[in-house]
Amino acid sequence: MTDIAHTIAPLPSPEILSRIEADADAAVARAFTGLAADYFVQTRNRAGRVSTQHTPAGLAARFDEPLPRDGQSIDTIVSRIRSDILPDCNHLYHPRYVGHQIAGPLPAAVWMESVTAALNQSVAVFEMSPVGTVLEHRVISWMCQLAGFPDGSAGTLTTGGTEATFTALLAARGVAIPDAWMNGIGSDPPVLLCGEHTHYAVTRAGAELGLGMRNVLAIRSRDLKMDPVALREALSELGRAGRRVMAVVATAGSTATGSFDDLDAIASICDQYGVWLHIDAAHGGSALFSEVHREKLRGIQRARSIAWDPHKMMLLPSQAGMILVRDHHDLDSAFSQRAPYLFNQSEGERVWDQGTRSFICSRRADVFKLWVALQRYGTDGLAELYDYFCALTHQMWEAIAERPDFEAMHEPECNILCFRYVGDRARGDEALDMVNRELRERYNLSGEGWITGTNLHGRRVLRVTMMNPRTTSADVSDILDGLAAVGRTL
Ligand SMILES: *Cc1c(COP(=O)(O)O)cnc(C)c1O
C-alpha cells in the first residue's frame, strides 16, 4: 500500500471571507437599492439629463484602468456607481424618455431581481428550482388561458421575443421536416412566410434554422399590416409550385409602427392551407389585459404558437419573454434532446422540467419578478397602464395633426407613433430625410428628451414609444416643442 499524502486545502483568507459575509448585510443591500430608489425619485422630478452627451470614447476613458487585483470598500464602489455609472446611462424612467420599446421598469419587479439573484434557482429542471419551476407552470398557464388556448397548452419563459420566435419556428421545422433533428433539413428546404414589417428576429430565425434567407418570403403589407389577399396568393402559388411552407408569422404590434395584423383572417387562411401560424406578439400580447384593446388580438387563440414579451408592455426589467404553444407536444418535441444527467422523467408523467422545452440550460428564474408584478399590480393595473400609453400616443398624434411643422405617418394602434418634422414645408423629401436624421441626434444630445427614428415608406422618420407611467401630456408637448426648436436651427 502506498501512502496517500493528504493535502489540506488552505482556507480562503479571513479577509475575503469576512468581506463576503459583511456584504450580505442588509445595510449593504440598502446602499445598492438606495441607488436605484434615488434614481427613481430623481427621474420622477425630471432632474438631470435623459441620456449622455459623451461619445463612446469619452465614456471608455472614464473606465480606462487596469483589471483590479485587490478589492475595494463597498463605499468606494457605491460612490463610483453614483458618479460614473448612473449619470450617463439612458434614464428610461425619465418622463421624456420615449425611445425604444424598453420599460421604465415596475419597481416591485426591480426589487425582486435581487432576491432572484440571491436564490439563483436554475429553471432548467425541477430539482434545481422547485418553486421556480412550479411558478413558471402557473404563470404560463394563466397566460395561455388569457390567450384563449385550450387545456394541453404549454410554454416557457425565454430571454425575449427573439428566443421565443426562434423556439416556435424550431418546433414548426420539426413538424415540416420530421427527421431534420437527425438528418438536417436536406436540399429542398421549406419556405417561411412573414410580413413585410416583421421583426428581424423572424427573418434571422429562418436563416439560423438552415432554410436560407432566400426561403424567407415577405408578404406585402397594406396599411402597414400583412395583406391577407397577398398571403392567400402566395400560399396557393407555392402550393402549385410544390413548395412546402413551414410557417406563417403574423405580427401583433409591429416594431416600427405598432400595427396589428388581422389575426383572424390570417388564421383562416393558415387553417385552409394547413400551415403553422406563429404570432409574434412580443410587443402587443399585453393588449390581452385590456378591455379596450383586446379586440386587436381577435383570433390569437387560433395560433399554434405565440411569442409575448413581459419585458415590453408588462414593464418588467429585461429579460422576460414567453413562448406559448396551443399543444404542449409541439414544444416537447421541438428539442428532441436527451440528457440523462438532467432529464429523467418516465413516460406518461407530467413533464415539470422546463429545460426540455428551452434553448437554454442554466436559466434565471425570471418568473419570480413576473409573478411579483402580477401579484402587486394585477392584470387590471397592467391594463390601465397599457390603455394610458395608447391614449397618450393617440393624443400626441392629435397634437401633431394640429401643428403645421410636423406630419404623422400613421394613426397609432397602440403606443408607437412615427412622424416627421416638416418645418415650413418648403423642403422636399430628400432634404427632410437629412433634417429628421440630424434632428433626432441633436435633440437626444440635448438631454431634454430621447426619441428613436426608423425608415418608413423609404423615408427617414422620427418614432416614439410611450411606456413610462410618469410621462404626461405636458411632456408630450415639451417633446414636440423641443424637437421643433432644434428643427428650426437646421
Ligand atoms: C421586441 C420585439 C421582438 C424581439 O424581442 P426581444 O425581446 O428583443 O428579443 C420581436 N418582435 C417584435 C414585434 C418585437 O416588438
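Small disclaimer: the values here were computed from a predicted structure and weren't measured.

Novice: Mind laying out unusual backbone geometry, listing which residues take part and the relevant values?
Specialist: A cis amide bond, omega 0°, links Ser-318 with the succeeding residue Gln-319. When you line up the elements, Gln-319 lands in the loop between strand S8 (305-308) and strand S9 (321-325). Backbone geometry at Asn-120 places phi at a positive 50°, although glycine is not the residue there. Along the chain, Asn-120 falls in the loop between helix H5 (107-119) and helix H6 (130-147). Unusually for a residue other than glycine, Asp-223 sits at a positive phi of about 55°.

Novice: So, the sheet that holds strand S7 (residues 277-280): which residues are in play, and what are the values?
Specialist: Pairing is mixed in the open sheet, where 7 strands are placed in the order S1-S9-S8-S7-S6-S2-S3. Each edge of the sheet is formed by a strand with only one pairing partner; in this case those strands are strand S1 (154-158) and strand S3 (216-219). Going across the sheet, the axis of each strand differs from the next one's by a mean of 20°, ignoring polarity. Where S7 and S8 come together, 3 bridges link them in parallel fashion. Looking at S8, one finds that Asp-280 is bridged to Ala-307.

Novice: So what's going on with the domain arrangement of the protein chain? Which residues, and what values?
Specialist: How big an interface is tends to be stated in terms of accessible area lost as the parts join. Structurally, the protein chain comprises domain 1 (19-48 + 52-88), domain 2 (122-338 + 350-364) and domain 3 (379-489). Here domain 2 and domain 3 have C-alpha centroids that lie 30 Å from each other. The partner domain 3 presents 21 residues to the 23 residues of domain 2 that form the contact. Summed over both sides, the interface between domain 2 and domain 3 buries roughly 1,800 Å², with carbon and sulfur atoms accounting for 69% of that surface. When the buried surface of domain 2 facing domain 3 is broken down by residue, Phe-289, Met-313 and Leu-315 rank first, second and third, together holding 29% of it. At the boundary of domain 2 with domain 3, the tally comes to 1 salt bridge. Between Lys-225 and Glu-413 there is a salt bridge; the shortest N-O distance is 2.6 Å. Viewed at the interface, domain 3 and domain 2 are joined by 7 residue pairs in polar contact (both at pLDDT 80 or more). Residue composition of the side of domain 2 that touches domain 3, grouped by class: 9 nonpolar, 11 polar and 3 charged.

Novice: So, the site of the ligand: which residues are in play, and what are the values?
Specialist: With respect to spatial proximity, 13 residues lie near the ligand, and among them Thr-162, Asp-280, Asp-309, His-311 and Lys-312 are the closest. The contact in question runs from an oxygen atom of the ligand to an N or O atom on the side chain of Gln-101, over 3.3 Å. Measuring from an oxygen atom of the ligand, one finds a side-chain N or O atom of Lys-312 at 3.0 Å. Relative to its unbound accessible surface of 380 Å², the ligand loses 87% to contact with the protein. Of the residues assigned to the shell around the ligand, the class counts are 1 nonpolar, 9 polar and 3 charged.

Novice: Outline the packing of helix H14 (residues 429-446) against helix H15 (residues 473-488), supporting the account with residue identities and numerical values.
Specialist: In the contact formed by H14 and H15, the axes pass within 9 Å of each other and the chain directions differ by 115°. Of the two possible hands of crossing, H14 and H15 adopt the one that is right-handed. Residues Leu-439, Arg-442 and Tyr-443 of H14 touch H15, and the partners they reach there are Ile-479, Gly-482, Leu-483, Val-486 and Gly-487. Within the contact of H14 with H15, the residues separate by chemical class into 5 nonpolar, 2 polar and 1 charged.

Novice: Help me get a handle on the sheet that holds strand S13 (residues 459-465), residues and values and all.
Specialist: In a beta sheet, neighbouring strands pair by backbone hydrogen bonds and run either parallel or antiparallel. Across the sheet, 4 strands lie side by side as S10-S11-S13-S12; this open sheet has antiparallel pairing. A strand with exactly one partner marks an edge of an open sheet, and here the two such strands are strand S10 (406-408) and strand S12 (452-456). Adjacent strand axes in the sheet meet at a mean angle of 40°, parallel and antiparallel pairs treated alike. In terms of strand pairing, strand S11 (residues 416-421) meets S13 through 4 bridges, oriented antiparallel. Considered in S13, the bridge of Ile-416 is made with Thr-465. Contacts from H15 reach S10, S11 and S13, with the element oriented near 30° to S11.

Cut-offs used in this document
- Residues numbered from 1 in each chain as written.
- Predicted model: local features only at pLDDT ≥ 70, side-chain atom pairs only at ≥ 80, totals over all residues.
- Heavy atoms only, no water.
- Helix = DSSP H or I, 4+ residues; strand = E, 2+ residues; numbered from the N terminus.
- Pairing = 2+ DSSP bridges.
- Axes fitted to C-alpha atoms, helices over the stretch in contact; angles between N-to-C directions.
- Domains from an automatic or database assignment.
- Contact = heavy atoms within 4.5 Å.
- Buried area = accessible area lost by both parts, 1.4 Å probe.
- Salt bridge = Lys/Arg side-chain N within 4 Å of Asp/Glu carboxyl O.
- Polar contact = N/O pair within 3.5 Å; in protein donor to acceptor, adjacent residues only side chain to side chain.
- Nonpolar A, V, L, I, M, F, W, Y, C, P; charged D, E, K, R; others polar.
- Near = heavy atom within 4 Å.
- Areas by Shrake-Rupley, 256 points an atom, 1.4 Å probe, with all protein chains shown as cover.
- Left-handed = near helix turned anticlockwise from the far one by under 90°.

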